[in-house]
Amino acid sequence: TLMLPDVPAKQAPYVKSYMKREAQALLKLGYKVETTRQGEVVIATIPANELFAPNDTTLLPTASERLKNFLPYFRTHGKFKGILAMHSDDTGSDNYLYGLTERRILALYGYFDSNAAQTDMLQGYPMADSEPVKDTPNTSYVNRNKNRRLEIFIIPGPLLIMDAKSKKL
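Residues numbered from 1 in each chain as written. Predicted model: local features only at pLDDT ≥ 70, side-chain atom pairs only at ≥ 80, totals over all residues. Heavy atoms only, no water.

1. Considering unusual backbone geometry
For clarity, the cut-off: Strands here are runs of E lasting at least two residues and helices are runs of H or I lasting at least four, both read from the DSSP assignment and numbered beginning at the N terminus.
Here Leu4 and Pro5 are connected by a cis peptide whose omega angle stands at -5°. On the secondary structure map, Pro5 appears in the segment before α1 (12-28). Despite not being glycine, Ala128 shows a phi value in the positive range, around 50°. Structurally, Ala128 can be placed in strand β4 (residues 122-128).

Structure, rendered in structure tokens:
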């Protein structure tokens, strides 16, 4: 789902420029930001401890401060597709970690459903401990903390691609 929708070559420069501005704006707001798909997809990371108490699946009262900056991506149907990838460390059984990240995704859905205009282009993936941060093994408290995170993928949707077609390039 990260590869869709495909951005046609003619529209790619506009989309990449647009997404670069989005990445820079999120970086200025204090998020860890990276891009993939040659700059077409923005990935913002929020440490899990800024959203949830340890082993809990209820959003902290302060979580909305970290999540509210993503609400504009769900104002216009089809402009963006969002993927929520919730990660954990490896402390616990596979069933426990998958269940924990799945319930955290449901809590995030609840937040976005309550506060965003359009969430039908939002997908969640409970990742458990399947993808630790590169070169960050779960061998210490510091590394485990780095691996507990939410990655929000912001993908150009069909409407943004259509907007690119109407621009003079």
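2. Re the nonpolar core
Nonpolar side chains tend toward joint burial in soluble globular proteins. Counted only if it meets this: Note on terminology: a nonpolar core comprises buried Ala, Val, Leu, Ile, Met, Phe, Trp, Tyr and Cys residues joined through side-chain atoms within 4.5 Å. Residue burial is assigned from relative accessible area. The probe radius is 1.4 Å, only protein chains are included, and a residue is buried under 20% of its type maximum, exposed over 50%, and partly exposed in between.
Leu67, Phe70, Phe112, Leu150 and Ile154 are the most contacted members of the largest nonpolar core, which has 37 residues in total. Only α1, β2 (41-47), α2 (63-67), β3 (80-87), α3 (94-115), β5 (149-156) and α5 (158-166) provide two or more residues apiece to this core. Considering each element in turn, this core owes the most residues, seven residues, to α1. Ranked by size, the runner-up nonpolar core spans seven residues in total, among them Val41, Ile43, Ile83 and Phe153.

3. A closer look at the side chain of Arg37
Note the following rule: Any N or O atom pair separated by 3.5 Å or less is treated as a polar contact, with the protein-specific requirement of one donor-capable and one acceptor-capable atom, and with residues adjacent in sequence counted only for side-chain atom pairs.
With respect to the helices and strands, the residue Arg37 is situated in the loop between β1 (32-36) and β2. We classify Arg37 as buried; its relative accessible area is 9%. Only 3.1 Å separates the side chain of Arg37 from the backbone oxygen of Met3, close enough to count as a polar contact. In terms of polar contacts, Arg37 uses its side chain to reach the backbone carbonyl oxygen of Pro5, at 3.0 Å.

4. Concerning the packing of α1 against α5
Convention followed: Axis lines are fitted through C-alpha atoms, for helices just across the contact stretch, and the angle between N-to-C directions can take any value from 0 to 180 degrees. Oblique is the label for every angle not falling under 35 degrees (roughly parallel), over 145 degrees (roughly antiparallel), or within 65 to 115 degrees (roughly perpendicular). Helix crossings get a hand from a simple test, with the near helix turned counterclockwise from the far one by less than a right angle marking a left-handed crossing and a clockwise turn marking a right-handed one. Pairs of residues are marked as contacts when any of their non-hydrogen atoms sit within 4.5 Å. Residues are grouped as follows: Ala, Val, Leu, Ile, Met, Phe, Trp, Tyr, Cys and Pro are nonpolar; Asp, Glu, Lys and Arg are charged; all remaining types, including Gly, are polar.
Interaxial distance between α1 and α5 falls to 9 Å at its minimum, and their mutual angle equals 120°. Looking at the two axes, α1 sits oblique to α5. In the packing of α1 onto α5, the handedness of the crossing is right-handed. Residues Tyr14, Val15, Tyr18 and Met19 of α1 touch α5, and the partners they reach there are Leu160, Asp163 and Ala164. In terms of residue class, the contact of α1 with α5 is built from six nonpolar, no polar and one charged.

5. Overview of the packing of aromatic side chains
Which entries qualify depends on this criterion: Any two of the Phe, Tyr and Trp rings considered here, Trp counted by its six-membered ring, make a pair once their centres fall within 6.5 Å; the pair's planes then place it as stacked at under 30 degrees, edge-to-face at over 60, or tilted in between.
Throughout the structure, instances matching the rule amount to seven aromatic pairs. With 5.0 Å between their ring centres and 85° between their planes, Tyr73 and Phe80 make a pair best called edge-to-face. Residue classification places Tyr73 among the buried residues on the basis of a relative accessible area of 7%. Residue class for Phe80 comes out buried when judged on its relative accessible area of 5%. Ring geometry for Tyr111 and Phe112: centres 5.2 Å apart, planes at 80°, overall edge-to-face. Side by side, Tyr111 and Phe112 carry an identical accessibility label, which is buried. Grouped by ring-pair contacts, the aromatic residues Tyr14, Tyr18, Tyr31, Phe70, Tyr73 and Phe80 constitute a single cluster.

6. Brief notes about the pattern of salt bridges
Inclusion rule: Basic side-chain nitrogens of Lys or Arg form a salt bridge, by our definition, when they fall within 4 Å of a carboxyl oxygen of Asp or Glu.
Per the stated rule, a full pass over the model turns up seven salt bridges. Residues Lys32 and Glu34 are paired through a salt bridge, measuring 3.6 Å at the closest nitrogen-oxygen approach. Relative accessible area serves as the criterion here: at 36%, Glu34 is assigned to the partly exposed category. For Glu151, the salt bridge goes to Arg149, with nearest N and O atoms at 3.4 Å.

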